[in-house]
Amino acid sequence: MFAFDGGYDPGAASHTVLLELRRTVERHPAVRHARGDPPDKFTRVEAAIDPSALESDVDEGTLTIRWYAGETVDARPEFAFHYSDASGFDCGWHHEPNPHVDGWAHYQERSTDEEAYDYEAISFGGLHPVPLRWEILDRLETRLGAA
């Protein structure tokens, strides 16, 4: 978004995207509730997930969404949609520099907190926040259903 002096404010732009992601993620049937943190200028959204709604036998799960719009209006956003549950499984779809893969888009997964992540370069259908959120939740459902 734009600052009072007419310039671009990356923090405000990121907060605006996260507000919309919090509002829309709650529409998914697997999401019990979501909240932005910190409340005054979100840097992340945490959604309590019902993994059984995603074909998993686990009781509790959390989806943490981070979004940084970038330093300029034209910058590529950096984001992470990261899931973890009570079994110790965690995985995430990220768009950010990472030394483990070529390019920015990658998937990472580990079965327990003690394991190292496995990384895989991936691609996304687009980088618009709300359609991307649906894409990620579809991928999460597919991944949990395969476990």
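Structure first, text after, so check above.
Note that the structure is predicted; figures quoted are calculated from it, not measured. (Residues numbered from 1 in each chain as written. Predicted model: local features only at pLDDT ≥ 70, side-chain atom pairs only at ≥ 80, totals over all residues. Heavy atoms only, no water.)

Some points on the side chain of His106
Item 1. Position of His106 relative to the elements: it lies in strand E6 (residues 105–110).
Item 2. At 3.4 Å, the side chain of His106 forms a polar contact with the backbone oxygen of Trp104.
Item 3. Setting aside residues no more than four positions away along its own chain, His106 makes contact with Gly92, Trp93, His94, Glu96, Asn98, Val101, Tyr119, Glu120, Ala121 and Ile122. (Helix = DSSP H or I, 4+ residues; strand = E, 2+ residues; numbered from the N terminus. Polar contact = N/O pair within 3.5 Å; in protein donor to acceptor, adjacent residues only side chain to side chain. Contact = heavy atoms within 4.5 Å.)

Section: the packing of aromatic side chains
Item 1. Taken as a whole, this structure holds six aromatic pairs when the rule is applied.
Item 2. Seen in terms of ring centroids, Phe79 and Phe124 are 5.4 Å apart; in terms of plane orientation they differ by 55 degrees. Their pairing is tilted. Highlighted residues: Phe79 in strand E4 (residues 78–85) and Phe124 in the loop between strand E7 (118–121) and helix H2 (129–146), separated in sequence by 45 residues.
Item 3. Looking at Phe79, the relative accessible area reads 0%, which means it is buried. (Phe/Tyr/Trp six-rings, centres within 6.5 Å; stacked < 30°, edge-to-face > 60°. Buried < 20%, exposed > 50% of the residue type's maximum accessible area, 1.4 Å probe, protein only.)

Structural notes on the nonpolar core
Item 1. In terms of nonpolar packing, the biggest core is built from 31 residues, with Ile49, Leu63, Ile65, Trp67, Phe81, Tyr83 and Leu140 touching the most fellow members.
Item 2. Secondary structure elements with two or more residues in this core: helix H1 (10–25), strand E1 (31–37), strand E2 (44–49), strand E3 (61–68), E4, strand E5 (90–95), E6 and H2.
Item 3. Setting aside its immediate chain neighbours within four residues, Trp67 contacts Ser14, Val17, Leu18, Leu21, Thr43, Pro77, Glu78, Phe79, Phe81, Leu127, Pro129 and Leu132. (Core = buried A, V, L, I, M, F, W, Y, C linked by side-chain atoms within 4.5 Å.)

Concerning the sheet that holds E1
Item 1. Spatially, the seven strands line up as an open sheet ordered E1-E2-E3-E4-E5-E6-E7, and their pairing is antiparallel. One side of each edge strand has no neighbouring strand; the edge strands of this open sheet are E1 and E7. Averaged over neighbouring strand pairs, the angle between their axes works out to 15 degrees when direction is ignored.
Item 2. Pairing of E3 with E4 involves eight bridges; the strand directions are antiparallel. (Pairing = 2+ DSSP bridges. Axes fitted to C-alpha atoms, helices over the stretch in contact; angles between N-to-C directions.)

Digging into the pattern of salt bridges
Item 1. Scanning all chains against the criterion turns up 11 salt bridges.
Item 2. The shortest N-O distance in the salt bridge between Arg32 and Asp50 comes to 3.5 Å. Of this pair, Arg32 sits in strand E1 while Asp50 sits in the loop between E2 and E3, placing them 18 residues apart in sequence.
Item 3. Glu46 serves as the salt-bridge partner of Arg44, at 3.1 Å between the closest nitrogen and oxygen. (Salt bridge = Lys/Arg side-chain N within 4 Å of Asp/Glu carboxyl O.)

Some words on unusual backbone geometry
Generally, phi is negative for residues other than glycine and the peptide bonds are trans, each holding for most cases.
Item 1. In this structure, the amide linkage connecting Asp37 to the following residue, Pro38, adopts the cis form with an omega of -10 degrees.
Item 2. In this structure, Pro38 sits in the loop between E1 and E2.
Item 3. Located in the positive-phi region is Glu55, a residue other than glycine, with phi close to 70 degrees.
Item 4. Within the secondary structure, Glu55 sits in the loop between E2 and E3.

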